[in-house]
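Results of the structural survey
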Amino acid sequence: MSAEIIDGKEFAAGLRARVAAHVARLKADHGITPGLAVVLVGEDPASQVYVRSKGKMTVEAGMKSAEHRLSPETSQEDLLNLINELNADPTIHGILVQLPLPAHLDEDLVINAIDPAKDVDGFHILNVGLLGTGQKSMVPCTPLGCLMLLRERLGSLAGLDAVVIGRSNIVGKPMAQLLLGDSCTVTICHSKTKDLPQVVGRADIVVAAVGRPQMVTGDWIKPGATVIDVGINRIDDNGKSRLVGDVDFASAAEVAGAITPVPGGVGPMTIACLLANTLTACTRANNLPEPDNLTP
Ligand code: NDP
């Protein structure tokens with residue numbers, strides 16, 4: 001193995017510590033405690049784990065955590081009423097609705113009902129537009145975490161060829177916008193892309209957000225490239241369940257210059273960036289200077 005391992009777990013711990021230090025200063029100097037509300041509809045086991053972990057880390061950072069667990073049968077009207085209450089609550093600075101929602105609820109309608117200033121997931125159409133036009137916005141947590149890891153590893157990204165595999169609204173598209181904002185030459189790939197290995201082979205930066213276990217193999221990667229693996233896939237490995245990314249770590253690490261592992265790469269950055277976004281939302285809501293050492 002030749003690649004340097006990009007330790008997202010360690011970077012995320014540092015980011016959470018910086019957030020906690022800012023929160024402590026906000027409390028001491030201004031008597032303000034940032035508050036994050038997480039709304040979970042239904043009993044999806046993976047979503048329950050994520051929500052628990054978000055709540056725990058929010059409290060560890062010194063923030064207020066409000067969890068709203070609603071039954072799977074919750075009506076659209078009841079959910080929108082709760083969001084309106086949270087929009088109006090001055091102790092809540094960030095609102096996150098855990099996705100996916102049960103099929104009878106309209107995700108776009110729900111997300112766009114969140115006050116854009118409290119939209120710490122960055123999925124509101126206004127924030128999507130602000131990001132796309134290079135204006136100050138709330139940036140989706142997972143791509144933001146990827147960008148931080150890339151800047152940490154590479155410094156300036158200007159002029160580098162970046163390939164993003166995946167075009168979801170949550171990861172692929174905002175990731176491409178962020179890389180474009182950092183002056184990369186960006187190619188976005190998807191399930192209809194022709195000769196994906198050849199396209200990936202040109203890239204200095206590869207971000208894989210596909211949802212297909214170990215799809216990107218070492219022979220696709222340009223020697224020395226930086227590989228960011230967003231995928232989280234559970235596979236059966238000789239009767240044992242284990243998490244793998246969208247990149248075949250063993251073969252890619254032979255060729256890449258640096259690579260994120262799964263677990264311990266992008267995953268921990270997502271929650272750390274959620275806390276950073278909540279703190280940013282709180283400072284903006286109170287017309288205070290934004291912390292300058294959190295987000296890139
Ligand atoms: P989506 O399913 O929404 O999007 C997957 C994308 O991959 C689509 O654009 C799809 O193309 C593309 N794709 C699928 N198959 C292929 C293929 N064979 N070749 C090229 N492209 C393909 O997934 P998400 O973006 O939500 O998530 C992607 C992965 O990231 C998942 O493993 C998810 O678990 C993980 N994830 C991890 C997070 C973290 O915190 N680390 C956070 C969020 C997601 P098309 O549009 O044409 O269908």
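This text gives an overview of the structure that appears in the document. (Residues numbered from 1 in each chain as written. Predicted model: local features only at pLDDT ≥ 70, side-chain atom pairs only at ≥ 80, totals over all residues. Heavy atoms only, no water.)

Focus on unusual backbone geometry
Cut-off, in case you're wondering: Secondary structure elements are defined from DSSP: runs of H or I of at least 4 residues count as helices, runs of E of at least 2 residues count as strands, and each element is numbered from the N terminus. Buried residues are those whose accessible area, probed at 1.4 Å on protein chains only, stays under 20% of the maximum for their type, while exposed residues exceed 50% and partly exposed ones sit between those limits.
A cis geometry characterises the amide bond from L99 onward to P100, with omega recorded as 0°. Mapped onto the fold, P100 is located in the loop between β4 (94-97) and α4 (107-111). V262 connects to P263 through a cis peptide bond whose omega is -5°. In this structure, P263 sits in the loop between β11 (258-259) and α10 (266-285). Even without glycine at this site, D195 takes up a positive phi of about 50°. As for its placement among the helices and strands, D195 is situated in the loop between β6 (185-189) and α8 (196-200). Judged by relative accessible area, D195 falls into the partly exposed class, the value being 46%. The residue Q214 is not glycine, and still its phi comes out positive at about 55°. You can see Q214 is positioned in the loop between β7 (205-208) and β8 (226-229).

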